[in-house]
Amino acid sequence: LILENQLVKALAREEFEVHYQPQVDVISGQVVGAEALVRWRHPEKGLQPPANFIAIAEETGIIEGLGAWVLQKVCQDIRQLTRDGYRIPRISINLSARQFRQSDLVEQCRNTIRSAGIAPAYIELELTESTIMKDIDIAVGMLRQLNALGVRLAIDDFGTGYSSLNNLKHFPIDTLKIDKSFVRDIPGDRDDEAIVTAIVALAKSLELEVVAEGVETREQLGFLKRLGCEIVQGYFFSRPLPFEGFREYLKGK
Ligand code: G
Ligand code: G
Ligand code: MN
Ligand code: NA
């Protein structure tokens, strides 16, 4: 209850921040995307990662207000980059299951994107397999409405859940994100090598973009490159950066 109250106050006081982790196309070297990751700038305890507050925000429903704030902040930041003449990469926003079931989600996305005056295709929504699979019929309807808005859709942590391949074919999604647990021990771990190889092949045959997460080493990068996985995200290129740092990163590219 204490944390719940603190989160409500933190939202009112605008103590949250959105950080951006670049996604790099290893062929062109360009930043083609970024993942928006929320943090809480706690007045005494300093910067808090999502692990310290997202679960409570979900249980209490605060995630709905927080999610609306994150979407608005990302749209404003994109607007700012556009004004300053940057080539804008698409920005991926994580949605929790609770947000995905929100009755006004589509409306909220439409309104927020429209008010910011940005192209919807700059926004990508990340959903996990379990979020989608909870109620597949409702999920497909929601995915179609979001797709019709013009935002992009990604499946996060792909491989850790259980979307049947048959379902996958019918979802209007754009991107598969390979979970970092599969990337950690490649090259070397035969099982993980096989899983990553299969996901990249699947993405290619379904004509989906594929993004590998958690890339930390040159060896991991080399393995992914040889498979034809061209977009990577991870500490090898950059940690998640505050907006100003992200802007500097874009400038250097
Ligand atoms: O940045 P970090 O690795 O600590 O993020 C951990 C997890 O927190 C992410 O994988 C994601 O699932 C969740 N997360 C981060 N930002 C957001 C957000 O804005 N909304 C929601 N719903 N989850 C987020
Ligand atoms: O949405 P998701 O839970 O996948 O968020 C990705 C998380 O992974 C973020 O919390 C981010 O801070 C973290 N992350 C990003 N790059 C790396 C990396 O190279 N290695 C590891 N271990 N974690 C990373
Ligand atoms: Mn994610
Ligand atoms: Na992920």
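Residues numbered from 1 in each chain as written. Chains lettered and ligands numbered in written order. Predicted model: local features only at pLDDT ≥ 70, side-chain atom pairs only at ≥ 80, totals over all residues.

(A) Region of interest: the overall build of the protein chain. Of the regular secondary structure elements, the protein chain holds twelve helices and nine strands. Against the compact-globule benchmark of 18 Å for 253 residues, the protein chain has a radius of gyration of 18 Å, which places it among compact chains. Here the C-alpha coordinates of the protein chain stretch approximately 50 × 45 × 35 Å along the principal axes. Looking at the protein chain as a whole, 36% of its 253 residues are labelled buried. Within the protein chain, residue pairs in contact and separated by at least 24 positions form 65% of the contacts whose partners lie at least 6 positions apart. (Helix = DSSP H or I, 4+ residues; strand = E, 2+ residues; numbered from the N terminus. Rg over C-alpha atoms; globule rule 2.2 N^0.38 Å. Buried ≥ 20, exposed ≤ 12 C-beta atoms within 10 Å, placed from the backbone. Contact = placed C-beta atoms within 7 Å.)

(B) Main features of the site of ligand 1. Residues in contact with ligand 1 amount to 13 residues; listed here are only the nearest, L37, V38, P50, N94 and S96. Taken together, the elements giving at least two residues each to the shell around ligand 1 come down to β2 (31–42) and α3 (62–83). The residue inventory of the shell around ligand 1, partitioned by class, reads ten nonpolar, three polar and no charged. (Near = placed C-beta within 6 Å. Nonpolar A, V, L, I, M, F, W, Y, C, P; charged D, E, K, R; others polar.)

(C) How the structure looks around the nonpolar core. Within the largest apolar cluster, 62 residues are counted, with the highest numbers of intra-cluster contacts made by V74, I93, L125 and I178. Looking at which element gives the most residues to this core, the answer is α3, with nine residues. Discounting chain neighbours no more than four positions away, the residues touching I178 are F158, G159, V183, V196, I199, V210, V211, A212 and E213. (Core = buried A, V, L, I, M, F, W, Y, C linked by C-beta atoms within 7 Å.)

(D) Representation of the environment of S130. Structurally, S130 can be placed in helix α6 (residues 129–133). A sequence separation of 30 residues divides S130 from T160, and the C-alpha atoms of the two residues are 8.9 Å apart.

(E) Inspection of the packing of α3 against helix α5 (residues 105–116) at higher detail. In the contact formed by α3 and α5, the axes pass within 9 Å of each other and the chain directions differ by 25°. By the angle between their axes, α3 is roughly parallel relative to α5. Between α3 and α5 lies a crossing of right-handed hand. For the pair α3 and α5, the contacting residues are A68, L71, Q72, C75, Q76, I78 and R79 in the first and Q108, C109, T112, I113 and A116 in the second. (Axes fitted to C-alpha atoms, helices over the stretch in contact; angles between N-to-C directions. Parallel < 35°, antiparallel > 145°, perpendicular 65-115°, else oblique. Left-handed = near helix turned anticlockwise from the far one by under 90°.)

Purely geometric stuff here, so don't read any function into it on its own.
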